[in-house]
Every structure is written in structure tokens, then in C-alpha cells.
Amino acid sequence: MRNLVRILTTAAAAVAACALAVSPATAAGASSSCDSAGAYGSADWTWVNGVFIVHVKLTSVDTADDARVAGVQLYTVDRSGHSHEWPWRLNRRGHGSSQTWETNLQDDRGIDRVGVQAAAFNDAGYRSLCGSGSVRNPYF
């Protein structure tokens, strides 16, 4: 009987250790970036599931001394292939500066892919725009 209890205790401990090592709620991180004339933009985020990303960190760097404003924007693509461009974040601090914003995003249509765009803006709009390739959601 004592040996049976020891075997069952050892087996239960092994199962518990495996359960702790691989959590079913493990989230996957991702990032994307692009560089255009006068602006660099990057984004890092964590996938939670098919409709929600968290710890979204957008960074905009003004790379030219040209009196333009550097901006960064996240875009997502849903399961049907429709894109959604999220609001631009503008770095108005000037040449050589960077600015970072943090947020979370949810799209009930699904987030199949995520990418980033960057541009240098003046009053007439942006001078040149870059777009990164999109990163596929590992939950699909």
C-alpha cells in the first residue's frame, strides 16, 4: 500500500510539473517595422486569440531634419481579407526623436494579420509611406 501511495504521489507530481511548464494560456509575441524617407515606424504586440492583441507598442522615429512630422500606424486584416487602418500616431518632437504609445486592440471580425506603416507628414499629407509585410496570427 505504501508503494502504491508513493507511485501515485510521484505520478501526480509529474503531471502537475508538466501542466505548469506549458500553460494553455500562453500568448505569442510578434513585431513588424518599416523605414520611409524621414520616418521609421515599428510595432510589437502579443497575440491573445483571433480577435484580441495586447501590449501593442507603437514607436515612431523622426529620421530627417526636414520640418515634417513622423507618424506610425498599425493595420490589421480580418479573416475575409478586409483591412482596417488604425489611427496614426504622430511624433511631433522633431528630428532624431522617438515617441512610443501603448494600447490594446480588438476586432470582432477577427485579426488574421497585423502590419505597420510609417510616413513623414506636412500640412499637405505624407511625403512617402512605407508598409511592412503583415504578420500572420498564429491562432488561425
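Our structure is the block above this text.
A few points on the structure. (Residues numbered from 1 in each chain as written. Predicted model: local features only at pLDDT ≥ 70, side-chain atom pairs only at ≥ 80, totals over all residues. Heavy atoms only, no water.)

A few words now on the state of the cysteines. Evaluation of the coordinates by the stated rule reveals one disulfide. Across a sulfur-sulfur distance of 2.1 Å, C34 and C130 are joined as a disulfide pair. The sign of the 70° torsion about the S-S bond sets the C34-C130 disulfide as right-handed. With C34 in strand β1 (residues 28-36) and C130 in strand β9 (residues 125-131), this pair connects stretches of sequence that are 96 residues apart. Here the two residues C34 and C130 agree in accessibility, since each one is buried. (Disulfide = S-S within 2.5 Å. Helix = DSSP H or I, 4+ residues; strand = E, 2+ residues; numbered from the N terminus. Buried < 20%, exposed > 50% of the residue type's maximum accessible area, 1.4 Å probe, protein only.)

As a further point, take the packing of aromatic side chains. What the rule picks out here adds up to three aromatic pairs. An angle of 85° between the planes, with centres 5.9 Å apart, marks the rings of W45 and W47 as edge-to-face. Like W47, W45 is buried. For the pair F121 and Y126, a centre-to-centre distance of 6.0 Å together with 85° between the ring planes defines the contact as edge-to-face. By relative accessible area, F121 is classed as buried at 15%. For Y126, a relative accessible area of 45% corresponds to the partly exposed category. Here a set of aromatic residues connected by ring pairs shows up, and it is made of W88, F121 and Y126. Its guanidinium or amino end placed over the ring of F140, R79 lies 4.1 Å from that ring's centre, counting from NZ or CZ. (Phe/Tyr/Trp six-rings, centres within 6.5 Å; stacked < 30°, edge-to-face > 60°. Lys NZ or Arg CZ within 6 Å of the ring centre and 35° of its normal.)

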